[in-house]
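# Chain and residue survey
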Amino acid sequence: MKKLTAALLTLAFLVLAFAPTHSASPAFMLEDCSCTAPDGSCSASVSCQGGCTRYCGNNDNCSASCSGAHEFLLMEVTFEMQNANYSQLVARLARISGKDINFSPRKPNTPFNVGFKRATFWDALRVLSEQGTVQVAGQDFEKIERLRRSLLNGEKFSFCVKNTPVRTFVNDLAGLTGLPLRLAAGRPTALVNVQLQDVALQDMLIAVSAQTDTKIIEERADSGDH
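As the structure is a computational prediction, the values presented were derived from the model and not from experiment. (Residues numbered from 1 in each chain as written. Predicted model: local features only at pLDDT ≥ 70, side-chain atom pairs only at ≥ 80, totals over all residues. Heavy atoms only, no water.)

## Concerning the state of the cysteines
To keep it simple, the criterion reads: Any cysteine sulfur atom paired with another within 2.5 Å is treated as part of a disulfide. A run of H or I in DSSP counts as a helix once it spans at least four residues, and a run of E counts as a strand once it spans at least two, with each numbered from the N terminus. The buried label applies to any residue whose accessible area, calculated with a 1.4 Å probe on protein chains only, is under 20% of its type's maximum; exposed applies above 50%, and partly exposed to all values in between.
Overall, the coordinates contain four disulfides when judged by the stated rule. Put simply, Cys-42 and Cys-62 are joined by a disulfide, and their sulfur atoms are 1.9 Å apart. Its S-S torsion of approximately 75 degrees makes the covalent link between Cys-42 and Cys-62 right-handed. Residue Cys-42 is located in the loop between β1 (30-36) and β2 (43-49), and its partner Cys-62 is located in strand β4 (residues 61-66); the two are separated by 20 residues in the primary sequence. Overall, Cys-42 belongs to the buried group, its relative accessible area being 11%. Judged by relative accessible area, Cys-62 falls into the buried class, the value being 6%. Between the sulfur atoms of Cys-48 and its disulfide partner Cys-66 the distance amounts to 2.0 Å.

Below, the structure written as structure tokens:
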């Protein structure tokens, strides 16, 4: 019996020792997005469990984020606050969004009244940013605002998206730009993997649509690809 037990233990050791190793599950693999502005004024990088997106433009206009980082800006908010202070508003917005919000008001003790009715979360952050400095989910809101203006004004970027479902990409871009973008045709889970240089917003949309075999439109438009 002792010899049989020893033989079984030896066999088990050999099976474990020579068993093929498996790579980490794709769900836990890191994606890296990084770039430097064409004029060398800035750079951005991020590592994410899943997809990521980056934009690098001239004049210190660089951004990198994990997929889904800007979807929450589309969130609808409806509430009123009377004779409130800014810490109360920040706490309310953080609770609604589930995001960390840091705010440094220019006049900390000023009471105010505010009301939102079916406004976007972006609009609520704008109210805060007009009275001080805002960080949301670790991002400077002022930089997000600047990126929105640049994209809408047709400025060009070094642009990349990695391993991101096209539906997530569209929602992110809608939150970032404020445009009513939506996926009109194609498989929403198709993964976006696009890297482009010196492109504007419309070029990005065209490239992503072509690579994923999908159709991205502005909701108010009756037809037309972007």
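Here the narrative resumes, following the displayed structure.
## Considering the sheet that holds strand β8 (residues 132-136)
Just so we agree on the cut-off: DSSP bridges decide pairing: two strands pair if at least two such bridges lie between them. Only heavy atoms matter for contacts: two residues are in contact if any of them lie within 4.5 Å across the pair. Structural elements are reduced to axes, namely lines fitted to C-alpha atoms, with helices fitted over the stretch in contact, and the angle between N-to-C directions of any two is expressed from 0 to 180 degrees.
Strand order in the open sheet formed by three strands is β6-β8-β9, with antiparallel pairing between adjacent strands. Looking at which strands have only one partner, the edges of the open sheet turn out to be β6 (101-105) and β9 (139-140). Bridge count for β6 against β8 is five bridges, and the pairing is antiparallel. Within β8, the position partnered with Ser-104 by the bridge is Thr-133. Packed onto the sheet, helix α3 (residues 121-129) meets β6 and β8 and runs at close to 145 degrees relative to β8.

## With respect to empty space enclosed by the protein
This is how the line gets drawn: A pocket, in this scheme, is an open set of points on a 1 Å grid over the protein atoms alone with protein on both sides within 12 Å along at least 5 of 7 lines, while a cavity is a set where a 1.4 Å probe fits but cannot get out; residues line either one if an atom lies within 4 Å of a point. Grid points are joined across faces, edges and corners, and a volume is the space filled by probe spheres set on the points.
This model, assessed by the stated rule, comprises one cavity of 30 Å³ or more. The calculated volume of the largest cavity comes to roughly 50 Å³. Lining of the largest cavity is provided by Thr-53, Tyr-55, Ser-65, His-70, Phe-169, Asp-172, Leu-173 and Leu-176. Taken together, the elements giving at least two residues each to the lining of the largest cavity come down to β3 (52-57) and α5 (166-177). Among the elements that make up the lining of the largest cavity, the one with the highest residue count is α5 (four residues).

## Some remarks on the layout of surface pockets
As a reminder, the rule being used: Under the scheme applied, nonpolar residues are Ala, Val, Leu, Ile, Met, Phe, Trp, Tyr, Cys and Pro; charged residues are Asp, Glu, Lys and Arg; polar residues are all the others, including Gly.
When its volume is computed, the largest pocket comes out at roughly 160 Å³. Taken together, Asn-61, Cys-62, Ser-63, Ala-64, His-70, Gly-138, Gln-139, Asp-140, Lys-143, Ile-144 and Leu-147 make up the lining of the largest pocket. Those elements that place two or more of their residues in the lining of the largest pocket are β4, β9 and α4 (141-152). Counting residues per element, the lining of the largest pocket draws most heavily on β4, at four residues. Counted by class, the lining of the largest pocket contains four nonpolar, five polar and two charged residues.

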